[in-house]
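Remarks on the overall topology
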Amino acid sequence: MNAPVEFARAVCPHDCPDTCAMRVTVENGRATRIAGDPDHPPTQGVLCTKVSRYAERVHHRDRLTVPMKRVGHKGEGQFEAISWDEAYSIAAARLSEIAARTPEAILPYSYAGTMGLVQGESIAQRFFHKLGASRLDRTICAAAGAAGLRYTYGASIGMHSEFFSEAEVILIWGGNPIASNLHVWTRMQEAKRNGARLIAIDPYRSLTAEKCHEHVALKPGTDAALALGMMHVLITEDRLDHEYIAEHTYGFEQLKARALAWTPTRAARVCGIEEQTVVDLARLYGSTRRAAIRANYGLQRVRGGGNAVRAIACLPSLTGAWRHRAGGLMLSSSGWAPVDNHALERPDLIPGWPSKLPRVVNMNEIGNALLHPGDDEFGPKLEAIVVYNSNPVAVAPDSVRVAKGFAREDLFTIVLEQFQTDTADYADLLLPATTQLEHLDIHKSYGHTYVMANLPAIPPVGEARPNTEIFRGIARAMGLAEPALYDSDEAVAKIAYRWNDPALKGVTWESIKASGWAKLALPEAPFANGGFRTPSGKCEFFSDRLSKEGLDPLPDYLPPHESAEGSPDLAARYPLAMISPPARNFLNSTFVNVESLRSTEGTPHLDIHPADAAVRGIAEGDEVHIFNDRGAMRARARVTDRAREGVVVGLSIWWKKLAPDGCNANQVTSQALTDLGRSATFYDCLVEVEPVRE
Ligand SMILES: Nc1nc2c(c(=O)[nH]1)N[C@H]1C(S)=C(S)[C@@H](COP(=O)(O)OP(=O)(O)OC[C@H]3O[C@@H](n4cnc5c(=O)[nH]c(N)nc54)[C@H](O)[C@@H]3O)O[C@H]1N2
Ligand SMILES: Nc1nc2c(c(=O)[nH]1)N[C@H]1C(S)=C(S)[C@@H](COP(=O)(O)OP(=O)(O)OC[C@H]3O[C@@H](n4cnc5c(=O)[nH]c(N)nc54)[C@H](O)[C@@H]3O)O[C@H]1N2
Ligand code: SF4
Ligand SMILES: [Mo]
């Protein structure tokens, strides 16, 4: 007898700019096949390797299926099954006791395990707001660039990714789209076939860089210097669109003075590249109308990340590249979608709203925060942490301190998870969460401009529950009366957008529920006639807002915290700059436990340049010890000029417990923050490397 087969629509929930539309084949309540939706223009019927295997993840034998409480020591990962009622009452008893006394001692910790607006920060935030818990600054990824764009364009908006296919020159700046933005890489390939020139700007010859016509291998954290050097050439050779500058930009004379200090010689010296490279790049860029920049996150994870984005974001406004829809810059499209964050998260539920708000803890400093004894400046010691949509023990910087913090026996830790991750091992209560195929959600994208609906395709696996339902359950057990805590998932989806925004003309929750998605109505060339969202309405080369905050109003180069320029003594001891960008077959730390994907990545590697390897006596395949004052890890050396001299590369983010030494790259990364946005500095990290001699 044939099993009944159904097809369901879903949205890829993962932290990836492509936000694909998926079609799920369901047989007897199980997802058996996941495919890209051919009708969704950004997806074009194709999913990446990771998510093509999604059924393997959803029905993995290691899925958490029942609530559990800890029986062993923190971090041992020993649990016993309990009922949901018992789980809720344990959570409620402890959280109620702390909230009644010191609400700020409770901290939520979450990021983008799902990008869904419902299973993300809706009921969860309402719950923590109602308690008056500490607020989390969610800055682990995009905050430096978002701030850079906010000060320059007014929001995280830019050119549309589909028009990369029409560009004549494409600068792939600090990104690796083959791994992390596959569907835009397809557009770039189209452009390439039509004769476009592709240039990668990246310290590493990534999978993408090796397929470009040119690769500019600058030192990590020097991108602002390159952009300023390019501006110098654009200005001195008068490759400027004077009309565009006059009408649509603010502060050109000041920017000009700044850029004139950045001769190509100076820029090239800082970047560790040839002077001619700076000149040629500027000439090519300045003489092409349809010049498109895909700026990405790789360049922001250093001290000067915000300024670097600002400097790069000035380029298309100098040359007038914005006049064409295939010109300009795309970093993130997330600002286009009219999300109603207030309605979703209800900050007005905070007891002291709006004048007296609880303290903010920066998620990048979670290691220090968990170990802080509490004082007047920091506020009360943290007593409870509730983790959802994130795996901080693997992904947060300075992991030795993070793990030490989570190991505190007096810390009450709840983890909502699909799998027993490195973080889950430290839980007091480990609560099984549904996956995207099992719950309802609504999405925007940070890579395209469609709004999308995700409907459950299968029933929950085991006793798993959606995040929203888990927070409703804890709230009920705590006896919280606030009605907003009990809105259904669909009720939340319905208020997620400001549906009367002109970009959503004719679109409703019901309509995307039926069709799967809708494209936002937006101009094709967003800044062809200005229209920046800054206070002046112009592209702000000079920012009065930055000036008022006591910061440099013009973009500049700031040496990395950890570099020969920024910290010479440290650089003498730890001369190699380590970067740890995403591996193609993982998505942050998600998928590391899917055997087929992990076996494709093999084992943790460290790419090291032949010259750096030779002086250290490191040969291909050697096991190496990577260390600095914060920690150490091991990896297999790959001696290769993919890594530029002075830079080592360890593709990430491994689950610690699935690595042979129980460690990952975050043993060595630091909690220091960026210039703008208080973001993480994962790629601002000096180390030394030695062969392991047994
Ligand atoms: N397969 C896969 N896809 C992913 C992810 C994943 O883990 N795996 N993660 C997702 C997430 S959360 C994000 S934020 C994005 C990130 O994706 P991207 O924005 O592409 O950023 P990264 O992968 O961090 O870095 C991209 C490139 O920047 C280079 N780079 C490092 N430091 C510098 C620098 O100082 N300057 C310049 N110019 N380049 C530098 C790296 O060598 C790398 O090749 O990808 C998303 N997509
Ligand atoms: N060394 C180094 N560290 C990095 C980076 C790097 O490049 N190098 N990149 C940084 C960046 S850009 C980012 S964005 C962060 C990412 O950090 P995180 O956002 O923590 O991302 P993941 O590691 O993918 O962990 C997400 C977790 O959420 C869980 N999850 C997924 N969906 C749900 C759900 O519906 N409910 C619940 N309860 N759980 C769910 C998944 O199982 C997974 O374990 O890492 C950062 N860390
Ligand atoms: S991870 Fe990215 S490319 Fe892969 S299916 Fe999801 S949205 Fe698409
Ligand atoms: Mo990210």
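Residues numbered from 1 in each chain as written. Chains lettered and ligands numbered in written order. Predicted model: local features only at pLDDT ≥ 70, side-chain atom pairs only at ≥ 80, totals over all residues. Heavy atoms only, no water.

Moving on, we come to the pairing of strand 19 (residues 450–454). The buried fraction of strand 19 amounts to 5 of the 5 residues, a majority that puts the element mostly inside the structure. Side chains of strand 19 alternate between two faces, with Tyr450, Met452 and Asn454 and Val451 and Ala453 buried alike. By the bridge criterion, 3 bridges tie strand 18 (residues 441–443) to strand 19 in an arrangement that is antiparallel. Each residue of the ladder has a partner; that of histidine 443, found in strand 19, is methionine 452. In this structure, the hairpin formed by strand 18 and strand 19 is closed by a connection of 6 residues. Relative to strand 20 (residues 517–519), strand 19 runs antiparallel, the two sharing 3 bridges. Paired with valine 451 across the bridge in strand 20 is alanine 518. (Buried < 20%, exposed > 50% of the residue type's maximum accessible area, 1.4 Å probe, protein only. Helix = DSSP H or I, 4+ residues; strand = E, 2+ residues; numbered from the N terminus. Pairing = 2+ DSSP bridges.)

Between tryptophan 353 and the following residue, proline 354, the backbone shows a cis peptide bond with an omega angle of -5°. In this fold, proline 354 is placed in the loop between helix 14 (341–345) and strand 14 (360–362). Cis geometry marks the peptide bond from serine 652 to isoleucine 653; its omega dihedral reads 5°. Position of isoleucine 653 among the secondary structure elements: in the loop between strand 26 (647–649) and strand 27 (686–691). Despite not being glycine, arginine 346 has its phi angle at roughly 50°, a positive value. Residue asparagine 588 is not a glycine yet carries a positive backbone phi of 55°. Relative to the assigned elements, asparagine 588 resides in the loop between strand 22 (576–579) and helix 23 (595–601). The exposure class assigned to asparagine 588 is partly exposed, which follows from its relative accessible area of 31%.

This paragraph deals with the packing of helix 8 (residues 223–236) against helix 13 (residues 305–319). At a closest axis distance of 8 Å, the pairing of helix 8 and helix 13 adopts a crossing angle of 25°. Here helix 13 runs roughly parallel to helix 8, going by the angle between their axes. Remark: the crossing between helix 8 and helix 13 carries left-handed chirality. Counting all contacts with helix 8, which are made through Asp223, Ala224, Ala227, Met230, Met231 and Leu234, the residues of helix 13 involved are Asn307, Ala308, Ala311, Ile312, Cys314, Leu315, Leu318 and Thr319. A breakdown of the residues in the contact of helix 8 with helix 13 according to their chemical character gives 11 nonpolar, 2 polar and 1 charged. (Axes fitted to C-alpha atoms, helices over the stretch in contact; angles between N-to-C directions. Parallel < 35°, antiparallel > 145°, perpendicular 65-115°, else oblique. Left-handed = near helix turned anticlockwise from the far one by under 90°. Contact = heavy atoms within 4.5 Å. Nonpolar A, V, L, I, M, F, W, Y, C, P; charged D, E, K, R; others polar.)

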